[in-house]
Amino acid sequence: MIISPNSRRLRVFSGIAVLALIAIYLHISPQWRQAPFEYARDYYQNVTSYFGGSVYNNTLYTEGNEEMVNQYYNSSNPCANFPNTDGILLVMKTGATEAFDRMPTHLLTTLSCLPDFLIFSDMEQQIGPYHIYDALAEIEESAKADNADFDLYRDQTECPVSQKSCVDAKTDGHKAWNLDKYKFLPMMEKTWRMRPGRDWYIFTEADTYVFWANMIHWLKKESRLDPRERLYLGSRSFIGGTPFGHGGSGYIISGTLLKHLIEYHPGVVNQYNAKGASECCGDLMLAMALDEYENVKVRQAWPMINGEKPSTLPYGPGHWCEPILTMHHMNSEEISSVWQFEQTRKTDRILLIKDLYDGLIRPKMQVSRQNWDNLSDDVCYLNPDPDAQQRAEEHLRNRQKKKEEMNEVEKEAWKSWENCAKVCGSRDIPDEEDWDLRQVVTPKSDDPRTANNTETAEDTSPSDAAAREEWKKSLNEKKRNRSCFQYRWHDEVCCTAKSFKLGAPKSAPGDSNHKAKWMSGWHLKGINDWIDAMGECKTPAWKKPEV
């Protein structure tokens, strides 16, 4: 039988149609059986692809800070809300032995949105596209020759492999410290030569964190400081009675002051390099030079410019409603975490010290931690035995409370960490429902029962609304004045603190001696009472820099 061409074509088309239907079935049938959570997964993938694949779980988001940070971290545009830094230059100081450990995190976070910055070290290096300048390159050979402080500088140039391979951090750490002090004044000179004419120069170290939104707002608006004046701002410290801006906390020099120092006093750098062998610190020598040549002393900007970090900040009175501009002793992980916190906050208002506590520290607070040092050392209770007294550190002995001023709980505090833990609780302020109002409010007349009319009786009764308000005010005042928030016990020494800090772990003792262990605890009720009594910070407590 002969099949017509039309019939042959029909059969071919029919076969193709059947194959197409089978292919469609094989493609969509898995989706029919897809579980609900897989639809959610696909939706999440679609959302992240829309944002360029840069949305992740916010690893800081946890129980206790849900109101502070977003659950997801969109890292697609980290500079979207970065402030305008025109007229302001960051100058960061590092060292060849640490640069590759510390600088990459900065370059990925705090420096990534700056249009310009300078990095100085004690050796010329390159990290990707970023150049690190040698601050010591032009120091006169006469200042370096026969100076043991420059041994590391010479050794670094002779190292044929990575600096980390050549340097033993444990044995050579002091060499890096001795060399570091010579960088400060040459760094001033190089900064002015390379980037003249800025309004403000912010000098930091590789373990300093700058809160740029706060910093720029303060310098350009809130401080009302004029960069045309000769100004030197920082966290003031003293050595031998000489005030200086602590280098690790960061310090700020106006463009006018930097210009005067470098252009009007060309010999200052060489003069102070020669002094380096007899001085301890570069930040001190810089302050001495500014005082000698410009008659300018550091203006105190603490606690906004701060030498602590989130886990060591003394939260409480004086460290709460104040804005934060810088922090110090930040390792790479901590720098990344604080950057992430800034990026994922639910608000763009001025960041206060209390926000660091609420967002980063409060979720980690608990009643006690073993093998932990929460840095309590304001008031101490020691074993009165002479041997124990001698064994204790001098600064702890000097902070002992006088025996005649102790209550019964405090007299027993040194004996165990359990006893130490009771000290702060012995000073608790009773809660509202536990307080006898009649103990606090004094009636207006000698005895309210002698009142001869209902109006007088109401006005003088302890249950009167006005009296209760007075009582609440008194109660809050007592809570705000609390001076014991946490404790630390070690080797029969119990110390308490007038602020609350997280602290850091300590190594567990190698033997079974229970006296050798470190125990730290927090009086959470007292901490929360103080926070509640303080209420919300109505306005940031900006500090006016003063000499």
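Conventions adopted
Residues numbered from 1 in each chain as written. Predicted model: local features only at pLDDT ≥ 70, side-chain atom pairs only at ≥ 80, totals over all residues. Heavy atoms only, no water. Helix = DSSP H or I, 4+ residues; strand = E, 2+ residues; numbered from the N terminus. Polar contact = N/O pair within 3.5 Å; in protein donor to acceptor, adjacent residues only side chain to side chain. Pairing = 2+ DSSP bridges. Contact = heavy atoms within 4.5 Å. Salt bridge = Lys/Arg side-chain N within 4 Å of Asp/Glu carboxyl O. Buried < 20%, exposed > 50% of the residue type's maximum accessible area, 1.4 Å probe, protein only. Axes fitted to C-alpha atoms, helices over the stretch in contact; angles between N-to-C directions. Parallel < 35°, antiparallel > 145°, perpendicular 65-115°, else oblique. Left-handed = near helix turned anticlockwise from the far one by under 90°. Nonpolar A, V, L, I, M, F, W, Y, C, P; charged D, E, K, R; others polar.

(A) Region of interest: the environment of Ser-332. Inspection of the secondary structure puts Ser-332 in helix H13 (residues 332–344). Considered as a pair, Ser-332 and Asp-207 are 125 residues apart in the sequence and their alpha carbons are 7.9 Å apart. In this structure the side chain of Ser-332 is engaged in a polar contact, spanning 3.4 Å, whose partner is the side chain of Thr-105.

(B) Region of the structure containing the sheet that holds strand S7 (residues 200–205). Pairing within the open sheet is mixed, and its 8 strands lie in the order S5-S6-S4-S3-S7-S12-S9-S13. The open sheet has two edge strands, strand S5 (125–127) and strand S13 (299–300), and neither has a second partner. Where strand S9 (residues 232–234) lies against strand S12 (residues 251–254), 3 bridges are found, and the strand directions are antiparallel. Within S12, the residue paired with Leu-233 across the bridge is Ile-252.

(C) Spatial organisation of the side chain of Asn-383. You can see Asn-383 is positioned in the loop between strand S17 (379–382) and helix H15 (386–391). Discounting residues that sit within four places of it in the chain, Asn-383 has contacts with Ala-388, Gln-389, Trp-414 and Glu-492.

(D) Quick look at the pattern of salt bridges. Applying the stated criterion across every chain yields a total of 32 salt bridges. Of the charged contacts, one joins Arg-480 and Glu-477 as a salt bridge, the two residues approaching to 2.7 Å between their closest N and O atoms. Here Arg-480 and its partner Glu-477 are both found in helix H21 (residues 465–480), 3 residues apart, which amounts to about one turn of the helix. Residue Arg-480 is classed as partly exposed on the basis of its relative accessible area, which comes to 28%.

(E) Representation of the packing of helix H11 (residues 268–275) against helix H12 (residues 282–294) in the model. It is at 11 Å that the axes of H11 and H12 come closest, and there the two elements cross at 135 degrees. With respect to their mutual orientation, H11 and H12 come out oblique. Both H11 and H12 take part in a crossing whose hand is right-handed. Touching Val-268, Gln-271, Tyr-272 and Lys-275 of H11 are Met-285, Met-288, Ala-289, Glu-292 and Tyr-293, all from H12. Tallied by class, residues from the contact of H11 with H12 come to 6 nonpolar, 1 polar and 2 charged.

Geometric descriptors of this kind do not, in isolation, establish any biological role.
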